[in-house]
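Observations on the three-dimensional arrangement
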Amino acid sequence: MTETRSAPPDSGGPPPAVGTPPRRSSGRAWEWTLAALLILPNLVLLIVFTYRPLLDNIRLSFTDWNISSPVANPVGLANYVEWFGRDDTRVVVRNTLVFTVATVGISMAVGLGLALLLDQKLKGRNLVRSVVFAPFVISGAAIGIAFQFVFDPNYGLIRDLLVRVGIGVPDFYQEPGWALFMVTVTYIWKNIGYTFVIYLAALQGRRADLDEAAEIDGASAFTRFRRVLMPQLRPTTFFLSITVLLSSVQVFDIINVMTRGGPQGNGTATLVYQVYQETFVNQRAGYGATVATVMFVILLAVTVVQVRFMDRGKNA
């Protein structure tokens, strides 16, 4: 007789697992190892070229050091007391504030306007986009040299245009206010392509259905811009406000080529130019490190305020 085996009753559940279960701990360990391998090179570069120089700069700000000397003499807070008490500090901070606010605000506003215009279906728009972006990739020193001829009060392009309409020509190289205006316009012309391209990319990725719904509801163009478009561009605007701000504060090449911080001493000198002037011209690297530390603290505070403002906007 052959013995028949009855099949186990079907319980309706999944079949029992066959073999040993996978080890989740080993898979998780491999993920952490892979993440560490990918992060480690960037972390090493940040430590070597960013954080370590930053800490060294803060340390040197408490010393009296000639950049060519192997010895840095500790002076405590003397450099900071001198910086806050010097007469030219107020002028340099004012120049930095005016230059930064003007370049950030105008660059972002004009860049957004050009992006809105060139996002339309216009003939030859790709060529115009290239022309608008081209100055951004040109060296700041080269643009500074070119704009020296544009603003030259004797035979420059600006002089020729003002004479044609019967307006007096200001001396951009002798009057501090006009000199600061000159370097500000030059930097805006160079940097406007950056804000334009970023805003254009954001516009091309926006939700068209929201615009169509607002238009069907009868919203005006200004209402659609303020209520529909700008909220979608909020992350892009926040990103540009930080990057353009950091870039503007660190402008050196245009100022050095066009005015060398003048006229009349510090007519166009900014904080970053003062760092260069004190460190490499006056041979006071300790004092230059003090100015750089103050600038770092100011930028850090402004960035924190921007981040908190952005977070509040998201919550609202």
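Residues numbered from 1 in each chain as written. Predicted model: local features only at pLDDT ≥ 70, side-chain atom pairs only at ≥ 80, totals over all residues. Heavy atoms only, no water.

**Topic: the overall build of the chain**
Quick note on the threshold: Helix numbering and strand numbering both begin at the N terminus, where a helix is a DSSP run of H or I of at least 4 residues and a strand a DSSP run of E of at least 2. All radius of gyration figures rest on C-alpha atoms, and the globule criterion is 2.2 Å times the number of residues raised to 0.38. Only protein chains enter the accessibility calculation, which uses a 1.4 Å probe; a residue whose area is less than 20% of its type maximum is buried, one above 50% is exposed, and one in between is partly exposed. Contact definition: two residues touch when any of their heavy atoms are within 4.5 Å. Here the accessible surface of atoms and residues is derived via Shrake-Rupley with a 1.4 Å probe, and residues count as covered only by protein chains that are part of the display.
For the chain, the helix and strand inventory stands at 13 helices and two strands. A compact globule built from 316 residues should have a C-alpha radius of gyration of about 20 Å, whereas the chain, at 29 Å, is more than 25% larger. Projected onto the principal axes, the alpha-carbon positions of the chain cover approximately 120 × 65 × 35 Å. The buried share of the chain, taken over its 316 residues, is 33%. The long-range share in the chain, meaning contacts at least 24 apart out of those at least 6 apart in sequence, stands at 68%. Accessible surface, the chain as shown: approximately 20200 Å² in total, 65% of it carbon and sulfur.

**Some points on the packing of aromatic side chains**
Where we set the bar: Two rings from Phe, Tyr or Trp (for Trp, the six-membered ring) form a pair when their centres sit within 6.5 Å of each other. Planes less than 30 degrees apart are called stacked, planes more than 60 degrees apart edge-to-face, and all others tilted.
Tallied over the full model, the rule gives 14 aromatic pairs. Taken together, a centroid distance of 5.3 Å and an interplanar angle of 25 degrees make the contact between Phe136 and Tyr194 stacked. Of the two residues, Phe136 sits in the loop between α4 (125-133) and α5 (140-150) while Tyr194 sits in helix α7 (residues 176-204), which places them 58 residues apart along the sequence. Residue class for Phe136 comes out partly exposed when judged on its relative accessible area of 29%. Note on Phe252 and Tyr273: the rings are 5.7 Å apart at their centroids and 25 degrees apart in plane angle, and the pair reads as stacked. Of this pair, Phe252 sits in the loop between α10 (234-249) and α11 (253-258) while Tyr273 sits in helix α12 (residues 271-281), placing them 21 residues apart in sequence. Three or more aromatic residues joined by ring pairs make a cluster, and in this case those are Phe147, Phe151, Phe172, Trp178, Phe181 and Trp189.

**Looking at the nonpolar core**
The criterion, for reference: By convention a nonpolar core is built from buried Ala, Val, Leu, Ile, Met, Phe, Trp, Tyr and Cys residues, the set being connected through side-chain atoms within 4.5 Å.
Core analysis: the largest hydrophobic core is formed by 45 residues, its most contacted members being Tyr199, Leu233 and Met258. Within the residue set of this core, elements represented by two or more residues are α2 (78-85), α3 (87-118), α5, α7, α10, α11, α12 and α13 (285-315). For this core, the element with the most residues is α7, which contributes ten residues. Other than its neighbours up to four places away in sequence, Tyr199 contacts Met108, Gly111, Leu112, Ala115, Leu233, Thr236, Thr237 and Leu240.

**Section: the confidence of the model for the chain**
Heads up, the condition is: A score from 0 to 100, pLDDT tells how confident the predictor is in each residue.
Per-residue confidence for the chain averages 88 on the pLDDT scale, and 91% of its residues sit at or above 70. No element of the chain has a lower mean pLDDT than helix α8 (residues 208-216), at 82, and none a higher one than α2, at 96.

**Observations concerning the pattern of salt bridges**
Put simply, the rule reads: Basic side-chain nitrogens of Lys or Arg form a salt bridge, by our definition, when they fall within 4 Å of a carboxyl oxygen of Asp or Glu.
With the rule as written, the count across this model stands at nine salt bridges. Here Asp56 ties to Arg52 by a salt bridge, and the two come within 3.5 Å at their closest N and O atoms. Taken together, the residues Asp56 and Arg52, both in helix α1 (residues 24-60) and four residues apart, mark about one turn of the helix. Residue classification places Asp56 among the partly exposed residues on the basis of a relative accessible area of 24%. Relative accessible area serves as the criterion here: at 54%, Arg52 is assigned to the exposed category. The structure contains a network of salt bridges with shared partners spanning Glu82, Arg86, Asp88, Glu278 and Arg284.

**A few points about unusual backbone geometry**
Cis rather than trans, the peptide bond between Gly262 and Pro263 has omega equal to 5 degrees. Phi at Arg260 takes a positive value of approximately 50 degrees, unusual for a residue other than glycine. Tracing the backbone shows Arg260 in the loop between α11 and α12. Residue class for Arg260 comes out exposed when judged on its relative accessible area of 59%. With a phi angle near 55 degrees, Gln283 is a residue other than glycine that sits in the positive phi range. Here Gln283 is to be found in the loop between α12 and α13.

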